[in-house]
Amino acid sequence: MGARKFTGLGILAVTTALLGVATPASAREWSSVTDERLLNAGKDADNWLVYGRTYNSNRFSPLKQINAGNVGKLVPKYAYSLGTLEGQQVTPTVNNGIMIVAVSQEYVDAVDAKTCERLWRYTIKLPKDIAQYACCGLVTKGVAVYEDKVYVAALDARLIALDARSGKQLWEKKVEDYKSGYTLTMAPLVAKGKVLLGVAGGEFGIRGFIQAFDAKSGDALWKTYTVPGPGEPGYDTWGNDSAKYGGAASWLTASYDPELNMSYWGTGNPAPWAHSMRPGDNLYSSSMLALDMDTGKIKWHFQFVPNDGWDYDSMSEAVLMDVQRNGKTIKALVQANKNGHMYTLDRTNGKFISSLPFVNVDWGTVDQATGKMVVKPGKKPEMGKAAEFCPSYFGGKDWAHVSYSPQTKIAYIPSIEMCVSLKDEETSYKRGSMYLGANGEMVAPGKGHLTAVDLTTNKVLWNWNNDSPLQSSSALSTGGDVVFVGTLEGKLVAVDGKSGKKLWDFQTNSGIVGGPITYAVDGKQYVAVVSGYGGAFPLWAGKGVPEHIKKVNRGGTLWVFEVRE
Amino acid sequence: MLKRVFLGLAVVAAAISGTGYAMGGKRSDDAAAADPAQRAEAGGRLYNQSCYKCHGPRAVSGGTVPDLRMFGGGEAEFVSTALNGRPDTIMPAWKEFLTEDEIKQIYAYVRSQAQQ
């Protein structure tokens, strides 16, 4: 019986191999990703060339073959196993029918986006001790593409350029020393011939920075620290000589406004978490920075969370759009902050316009004249004294990205309802170790909702509720007025963009912590998402993890869906 | 098999614990001579600096790494796993960051959490 079984498997394997040989090579050809194509990505419905699909990070696709009327007929086209148990936070990239998938920090795969045939694989070689220096697993958000290259931000703080046609490595540049806690988990931003990166490592006492590299040669062009040095403006906002290990990592992909020539970067928490060790506002932590694309100079800043003591780092993406308020058109920048407020700023100058709580917020309010947090007594952790507050250090929104539909003028926010009790404790810096000075405990298992905010009226329209936090999977809105989002349960869900009514879902193999995309090949629209549970939530949430989520198995798989009539 | 799994978990936990050198307050040398409750308290500070980022707040696992409160091995296994890491997993070797006695303090903390 056993022998017969193995014989059968052998035949199957041989057959598969023969089929593999017999299968004609993919007809897909890489087309150069020019500046013009990147600048016009909004009109290029078939492709997904930029991390947020467009430089404005709207995560909106004008494709509408799949719409509210037929999304119920969505079925899997194929499932492509990625061969890993690591968390899959990737937003895939699609260019001319070729999909690039960064498989955690292990591989980069190029596959035919219509058939899932693998075209090439690049193996990311990491040092054996890298896990010591990573806060949240061996994760990556994705790659960037430009002309004929694919750019990979490796976890051990290297920028790697690959040949987009073969996957062969062209060059690599050391960005920083990972043994000092500097890591890279973001998808780079490429614009104006530059590759822009921000480092991660805010829990390790790094000094955050954003750096630009020449896209052709990899040569470093400019570098802007997110924590000022001695003598620089803002240095005096770090008491007790605390700036040196001040954190403020910009660990998510920036947005870019070509007309204003500015890139926009959210910055992370200051280090350590224990705020009394760094008296002052701690510029430019937990802020939004607008940088000149050519020089890296800070054109303006807005600090959401002065002297952050909650880990309300403000790394979240800047979503750019024009909004109508009181009869005026505002060049807006919207950020759904971890503190539970969605902020609207004027992106030309950083001026505060408004904020809106989109989850349960109990720490206080935001002054609508100044944009400053007004915190209730007892709602900020102190040394040796715990404070209970909502939202937790995972935020009302974590790094899962907002989608904005210019059709409905609605922002769709993947949200978290969870509270924490956090207490500060003495700590001291040691290279390569965590620099927190705090410990906490979630009050209860978290929940989540997809929150729709009308940006014209600045009001919440509806919530689609989920039994676990929408912590990592980004939203995607489409010209078909459908909004997609993944859940930790592993479901890819489609809701009506106007009403929030659930229209469809599909149970994938694992939990979804990556970003869904849509694209078209040969005139047909597809929806894709990578499933593969992991990342920070199961590592840092403890009692905040719902029991049913603890049963989710790991394993990375790319799912592609189509409407079958 | 189960034992190996728990060992691995323990190592992960230890790895996460990081180093006691960086901790403020009482040093591990002081804790070495302290009573069990003080050792567990010192171990908690070490845990927060090293293990928290994977094994979770108060040693409550979120499900993707071992729950150290369930560790079935003894102190010696816990220490060995933490010092040497677990090859081919995300559990690194902590011997450059933690002393054997500091890992024992972390073990005391984990045991104290298991009893709550």
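Residues numbered from 1 in each chain as written. Chains lettered and ligands numbered in written order. Predicted model: local features only at pLDDT ≥ 70, side-chain atom pairs only at ≥ 80, totals over all residues.

This part takes up the overall build of chain B. The secondary structure content of chain B amounts to six helices and zero strands. Reading chain B from its N terminus to its C terminus gives the helix and strand order α-α-α-α-α-α. Within the span of chain B, comprising 116 residues, buried residues form 60% of the whole. Within chain B, contacts between residues at least 6 apart in sequence are counted, and of these 80% link residues at least 24 apart. (Helix = DSSP H or I, 4+ residues; strand = E, 2+ residues; numbered from the N terminus. Buried ≥ 20, exposed ≤ 12 C-beta atoms within 10 Å, placed from the backbone. Contact = placed C-beta atoms within 7 Å.)

On to the overall build of chain A. Of regular secondary structure, chain A possesses three helices and 38 strands. For 565 residues, the compact-globule estimate of 2.2 N^0.38 gives 24 Å, and chain A sits close to it at 23 Å. With respect to the three principal axes, the spread of C-alpha positions in chain A is 70 × 55 × 50 Å. For chain A, buried positions account for 59% of its 565 residues. (Rg over C-alpha atoms; globule rule 2.2 N^0.38 Å.)

Turning next to the sheet that holds strand E11 (residues 189-191) of chain A. All names here are of chain A. Spatially, E11-E12-E13-E14 is the arrangement adopted by the four strands of the open sheet, whose pairing is antiparallel. Looking at which strands have only one partner, the edges of the open sheet turn out to be E11 and strand E14 (220-225). Between one strand axis and the next, the sheet turns by 20 degrees as a mean value, whatever way the strands run. The pairing of E11 with strand E12 (residues 194-198) spans three bridges and is antiparallel. Note that in E12 the partner of Ala-191 across the bridge is Lys-194. (Pairing = 2+ DSSP bridges. Axes fitted to C-alpha atoms, helices over the stretch in contact; angles between N-to-C directions.)

All names here are of chain A. For strand E27 (residues 410-417), a buried count of eight out of eight residues is recorded, marking the element as mostly surrounded by other parts of the structure. Residue alternation in E27 divides its side chains into two sets, Ile-410, Tyr-412, Pro-414 and Ile-416 and Ala-411, Ile-413, Ser-415 and Glu-417, and both sets are buried. Of the strand pairs in this sheet, strand E26 (residues 403-405) and E27 are connected by three bridges, and their pairing is antiparallel. Residue Tyr-404 lies in a different strand from E27, and its bridge partner there is Ala-411. Taken together, E26 and the strand that follows it, E27, pair antiparallel across an intervening segment of four residues, in which Lys-409 is found at a positive phi of about 55 degrees. Where E27 meets strand E30 (residues 447-454), eight bridges bridge the pair, whose relative direction is antiparallel. Bridged to Ile-410 within E30 is Asp-454.

Before going further, it helps to spend a moment on unusual backbone geometry. All names here are of chain A. Between Ala-271 and the following residue, Pro-272, the backbone shows a cis peptide bond with an omega angle of -10 degrees. Relative to the assigned elements, Pro-272 resides in the loop between strand E16 (262-266) and strand E17 (287-292). Here Leu-283 and Tyr-284 are connected by a cis peptide whose omega angle stands at 0 degrees. When you line up the elements, Tyr-284 lands in the loop between E16 and E17. Phi at Ala-248 takes a positive value of approximately 60 degrees, unusual for a residue other than glycine. Looking at the secondary structure, you find Ala-248 in the loop between E14 and strand E15 (255-257).

Next up on the list: the nonpolar core. Grouped together as the largest cluster of nonpolar side chains are 211 residues, with contacts concentrated most on A:Val108, A:Val143, A:Ala144, A:Tyr151, A:Val152, A:Leu184 and A:Ala411. Beyond its immediate sequence surroundings of up to four residues, A:Leu184 is in contact with A:Ala153, A:Ala154, A:Leu155, A:Ala157, A:Val175, A:Leu197, A:Val199 and A:Ala200. (Core = buried A, V, L, I, M, F, W, Y, C linked by C-beta atoms within 7 Å.)

Further remarks concern the sheet that holds strand E22 (residues 351-357) of chain A. Each strand in a sheet pairs with another by means of backbone hydrogen bonds, the pair being arranged parallel or else antiparallel. Residue and element names in this part refer to chain A. Reading across from one edge, E19-E20-E21-E22 is the order of the four strands in this open sheet, with antiparallel pairing throughout. Both outer strands of the open sheet, strand E19 (319-325) and E22, are each paired with one neighbouring strand and no more. For this sheet, the mean angle separating the axes of adjacent strands, direction not counted, is 35 degrees. Direction of pairing for E19 relative to strand E20 (residues 328-336): antiparallel, over a ladder of seven bridges. Bridge pairing in E20 links Arg-325 to Lys-328.

Once that is clear, we can look at helix H6 (residues 100-114) of chain B. The terminal C-alpha atoms of H6(B), which comprises 15 residues, lie 21 Å apart, in line with the 21 Å expected from a rise of 1.5 Å per residue. Regarding H6(B), the residues found buried are B:Glu102, B:Ile103, B:Lys104, B:Gln105, B:Ile106, B:Tyr107, B:Ala108, B:Tyr109 and B:Val110. (Expected span 1.5 Å × (residues − 1).)

With that settled, the discussion passes to the interface of chain A and chain B. The interface is formed by 32 residues belonging to chain A together with 26 residues belonging to chain B. Elements with a contribution of two residues or more to the side of chain A that touches chain B: strand E29 (438-442) and helix H3 (536-540) of chain A. Here the element with the most residues in the side of chain A that touches chain B is H3(A); it accounts for four residues.

Residue and element names in this part refer to chain B. All of the buried residues along helix H5 (residues 75-84) are Phe-78, Val-79, Thr-81 and Ala-82. The arc that holds the buried residues of H5, viewed along the axis, is 165 degrees, so those residues lie on one side. Two residues or fewer after H5 comes Gly-85, characterised by a positive phi angle close to 75 degrees. (Arc of directions from axis to C-beta.)

The next thing to look at is the packing of H5(B) against H6(B). In a packed pair of helices, the relevant descriptors are the angle between the two axes and the axis-to-axis distance. Residues and elements named next belong to chain B. Relative to each other, H5 and H6 sit at 120 degrees, their axes nearing to 9 Å. When the axes of H5 and H6 are compared, the pair comes out oblique. Between H5 and H6 lies a crossing whose hand is right-handed. Packed against H5, whose contacting residues are Glu-75, Phe-78, Val-79, Ala-82 and Leu-83, the element H6 presents Glu-100, Ile-103, Lys-104 and Tyr-107 at the interface. (Parallel < 35°, antiparallel > 145°, perpendicular 65-115°, else oblique. Left-handed = near helix turned anticlockwise from the far one by under 90°.)

With that settled, the discussion passes to the confidence of the model for chain A. For chain A, mean pLDDT is 95; residues scoring 70 or higher make up 95% of the total. Ignoring residues within four places in sequence, the model shows residues 1-24 of chain A, a span with pLDDT below 50, making one contact including any to other chains. (pLDDT = per-residue confidence, 0-100.)

Before going further, it helps to spend a moment on the environment of A:Lys299. Residue and element names in this part refer to chain A. Looking at where Lys-299 falls in the secondary structure, it is placed in strand E18 (residues 298-303). Residue Lys-299 is classed as partly exposed on the basis of its C-beta count, with 18 C-beta atoms lying within 10 Å. Sequence separation between Lys-299 and Phe-352 is 53 residues, and the spatial gap between their C-alpha atoms is 15 Å. Residues in contact with Lys-299, not counting those within four places in the same chain, are Met-262, Ala-290, Leu-291 and Asp-292.

Glancing now at the pairing of E16(A). Residues and elements named next belong to chain A. Of all five residues that make up E16, five are buried, and the element is covered over most of its length. By the bridge criterion, three bridges tie E15 to E16 in an arrangement that is antiparallel. Its bridge partner lying in E16, Tyr-256 is registered against Ser-263. Linking E15 back to E16 in an antiparallel pair, the connection comprises four residues, with Asn-261 at a positive phi of about 60 degrees.

A word on the environment of A:Lys338. Residue and element names in this part refer to chain A. Note that Lys-338 resides in the loop between E20 and strand E21 (341-346). Of the residues examined, Lys-338 has 30 C-beta atoms within 10 Å and is grouped as buried. Each C-alpha atom, one on Lys-338 and one on Val-359, is 10.0 Å from the other, the two residues being 21 residues apart in sequence. Each residue touching Lys-338, except ones within four places of it in the same chain, is listed here: Tyr-312, Asp-313, Ser-314, Pro-391, Gly-395, Gly-396, Lys-397 and Asp-398.

Residues and elements named next belong to chain B. It is the contact of helix H3 (residues 36-50) with H6, at a shortest axis distance of 7 Å, that shows an interaxial angle of 100 degrees. Compared by their axis directions, H3 and H6 come out roughly perpendicular. Where H3 approaches H6, its residues Pro-36, Arg-39, Ala-40, Ala-42, Gly-43, Gly-44, Leu-46 and Tyr-47 are matched on the opposing element by Glu-102, Gln-105, Ile-106, Tyr-107, Ala-108, Tyr-109 and Ser-112. For the contact of H3 with H6, a count of residues per class yields nine nonpolar, four polar and two charged. (Nonpolar A, V, L, I, M, F, W, Y, C, P; charged D, E, K, R; others polar.)

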